[in-house]
Amino acid sequence: MCTVVAGFIAAGVPVAAGASPAPGAFANTSPNAVIVWDRNAQTAIWDVAGQQPQVQARSFAMVHGAVYDAVNAISGRPYEPYLSAPRTNGRESVNAAVGTAAFQVLSSLFPAQQARLQAQYDEWMATVPDSAAKRGGVSVGSQTAAAMIRARQGDGAFGDPAWPMGTEPGQWRPTPPTYASDTAWVAKLRPFLLPSTSMFRSAGPPALTSAQYARDLNEVKEVGAVNSSTRTLDQTQAAIWWHDRHLGEWEIKRQLATGQHLTVLQTARMFAMVDISEADATTACYNEKAAWMFWRPVTAIQLADTDGNPATAADPNWMPLLVTPPHPDFTSGHTCFTAASMSALAYFFGRDDIAFSAYSEASGTTRYFRSFSQAIAEVIEARIWGGIHTRTADIEGAKIGAKTTAYAVRNYFRPRR
């Protein structure tokens, strides 16, 4: 597995020092407005709205794309903007710009939270002295928020939620115990960065009669069962930790920004790079799901007597450790998402070996990582330990995530010449 993971960061993404200070970086601004409004975004997106990860990705990308453009503009545009670069004199309040950009995007996404968001925004703006700088910051943030909201109109979000259901061997169908089908629209969402969501199309899942398919299925059957006797306590905790819908990635980003002493500009660029890459990787992987419509392990194991493979055996009572998500197996959305975020962080910091950690209420544990590639390696295993993905689905998903970030950093967020 180590040899597979090594290529995701070392070869898949060009590593370059991306965190060097730039003019107008506002190193002395305190608190870091981007971190504050990332927490506020989490409150709206998850704590109140309860959006699932594939939906959260779009929301966070919209917020941080607008925030990045605002901070970058006030900083003198040292980096290429994502969408827009309003005219500035460099004296505008960064706190006012960040708060306004995030607030207006969140208000557009969650009109039912308007009163709560307005009170939150008013409280934040009360800490910014009334001045021309404040008014200028509001103007810049309003312009970048408006550009983002316009850009995402009609992008396909929240369209048809249901996946087509198959009945033949290998074809996806709703899984127990929920038998749900949801968020099929993510496969058709207009990307933020990629010219096409199918540009990294894989060769698809292994043939049902192949030896690779049998190895994949028998592995998850043994270690991913709810009553597995071979899965260790740490593996069980890891599977639950990675499955927590309150994503550890949020804490990791904020921890790195604080621990690495990033300026507001650096934080805005890093958060935008990570969140927008995650969003497009998620869409690309859902596009893969729609292309292959491959059945989940719980279906494949219970119906193994129909797959035509003599090396597999049916167990009609088999159930996974985790509740299977309501969409097809191939490829793994979570490995796409995590490989995109971790490879973006490796690119931004110019190195892989930065330690970080995050706590999960779902597992009641904190997991510690020595490097970004270690996190990618673990999520690949964790989805198998949880019984909800095959190894091939995980590995191919991680490849798509890394390729998405590689495209992003080659074409966006670059220093201006």
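All values derive from a computational prediction rather than experimental measurement.

> I would appreciate a short explanation of helix H9 (residues 248-259) in the present structure.
Side chains three or four residues apart in an α-helix point the same way, a direct result of the helix having 3.6 residues per turn. For H9, which comprises twelve residues, the first-to-last C-alpha distance of 16 Å matches the rise-based estimate of 16 Å (1.5 Å per residue) to within 8%. Turning to H9, its buried residues number three or more, namely Gly248, Glu249, Trp250, Ile252, Lys253, Arg254, Leu256 and Ala257. Immediately downstream of H9, the backbone of His261 shows phi near 55 degrees, a positive value.

> Even after reading the chapter, I still don't get the environment of Gly90, so can you show me in this structure?
Take Gly90: it is sitting in the loop between helix H3 (53-74) and helix H4 (94-109). With a relative accessible area of 34%, Gly90 lands in the partly exposed category. Distance in space between the C-alpha atoms of Gly90 and Ala133 is 9.2 Å, their sequence separation being 43 residues.

> Teacher, can you tell me more about the state of the cysteines here?
Disulfide: a covalent bond formed between the sulfur atoms of two cysteine residues. Summed over the entire model, instances satisfying the criterion amount to one disulfide. What pairs with Cys285 in a disulfide is Cys336, and their sulfur atoms sit 1.3 Å apart. With Cys285 in helix H10 (residues 264-292) and Cys336 in helix H12 (residues 333-349), this residue pair connects regions lying 51 residues apart in the sequence. Judged by relative accessible area, which is 0%, Cys285 ranks as buried. For Cys336, a relative accessible area of 0% corresponds to the buried category.

> Can you walk me through helix H7 (residues 211-223) in this structure?
Helix length check: H7, at 13 residues, gives a terminal C-alpha distance of 18 Å against a target of 18 Å (1.5 Å per residue), a fit within 8%. When we look at burial in H7, the residues that qualify are Tyr213, Ala214, Asp216, Leu217, Val220 and Val223. Buried residues in H7 make contact with helix H8 (233-243), helix H11 (297-302), helix H13 (372-385) and helix H14 (391-411).

> What should I look at first to understand the packing of helix H2 (residues 33-48) against H10 in this one?
Packing of H2 against H10 leaves a shortest axis separation of 8 Å and a crossing angle of 40 degrees. Taken together, the axes of H2 and H10 are oblique relative to one another. Listed contacts from H10 to Ala33, Val34, Ile35 and Asp38 of H2 are Val264, Thr267, Ala268 and Phe271. Here the residues of the contact of H2 with H10 are counted per class, giving six nonpolar, one polar and one charged.

> Which parts of the structure should I look at to understand the pattern of salt bridges?
Two side chains bearing opposite charge may form a pair once their charged atoms approach each other closely. Scanning the entire structure with this criterion turns up 14 salt bridges. The residue Arg58 makes a salt bridge to Asp155 at a minimum N-O spacing of 2.8 Å. Within this pair, whereas Arg58 is found in helix H3, its partner Asp155 is found in the loop between helix H6 (132-151) and H7, the two being separated by 97 residues in sequence. Here Asp155 falls in the buried class, since its relative accessible area comes to 4%. Its salt-bridge partner being Asp234, residue Arg367 comes within 3.2 Å of it at the nearest N-O pair. Here Arg367 is found in strand E2 (residues 365-369), whereas its partner Asp234 is found in helix H8, with 133 residues between them in sequence. On the basis of relative accessible area, Asp234 is assigned to the partly exposed category, the value being 42%.

> What am I meant to see in the packing of aromatic side chains here?
What describes a pair of aromatic rings is the distance from one ring centre to the other and the angle between the planes of the rings. In total, this model carries 16 aromatic pairs according to the counting rule given. Aromatic side chains Phe348 and Phe349 sit 5.1 Å apart centroid to centroid with 85 degrees between the ring planes, which places their arrangement in the edge-to-face category. Taken individually, Phe348 and Phe349 each receive the classification buried, so the pair is uniform in this respect. One residue, Arg152, lies across the ring of Phe192, its end atom 3.7 Å from the ring centre. Directly above the ring of Tyr286 sits Lys289, whose terminal nitrogen or CZ lies 5.4 Å from the centroid.

Definitions and cut-offs
Position numbers for residues count from 1 along each chain, tracking the sequence in the order it is written. Given that this is a predicted model, residues contribute local features only at a pLDDT of at least 70 and side-chain atom pairs are listed and counted only at 80 or more, while totals for whole chains, interfaces and linings are drawn from all residues. Note that water and hydrogens are dropped before the side-chain values are worked out from all heavy atoms of the structure. Numbering of helices and strands runs from the N terminus; a helix is a DSSP stretch of H or I covering at least four residues, while a strand is a stretch of E covering at least two. Helices are assigned an expected span. That span is 1.5 Å times one less than the residue count. Burial classification: accessible surface area is computed with a 1.4 Å probe over protein chains only, and a residue below 20% of its type maximum counts as buried, one above 50% as exposed, and the rest as partly exposed. Two cysteine sulfurs form what is called a disulfide whenever their separation falls within 2.5 Å. The contact definition used throughout considers only heavy atoms, calling two residues in contact when any of these lie within 4.5 Å. Structural elements are reduced to axes, namely lines fitted to C-alpha atoms, with helices fitted over the stretch in contact, and the angle between N-to-C directions of any two is expressed from 0 to 180 degrees. Roughly parallel means an angle under 35 degrees; roughly antiparallel, over 145; roughly perpendicular, 65 to 115; everything else is oblique. When residues are sorted by character, Ala, Val, Leu, Ile, Met, Phe, Trp, Tyr, Cys and Pro go into the nonpolar class, Asp, Glu, Lys and Arg into the charged class, and all the rest, Gly among them, into the polar class. Between Lys or Arg on one side and Asp or Glu on the other, a salt bridge is scored when a side-chain nitrogen of the former is within 4 Å of a carboxyl oxygen of the latter. Each Phe, Tyr or Trp ring (for Trp, its six-membered ring) is paired with any other whose centre lies within 6.5 Å, and the angle between the two planes then decides the class: stacked below 30 degrees, edge-to-face above 60, tilted in between. Placement of a positive charge over a ring is assigned whenever Lys NZ or Arg CZ falls within 6 Å of the ring centre and within 35 degrees of the normal to the ring plane.

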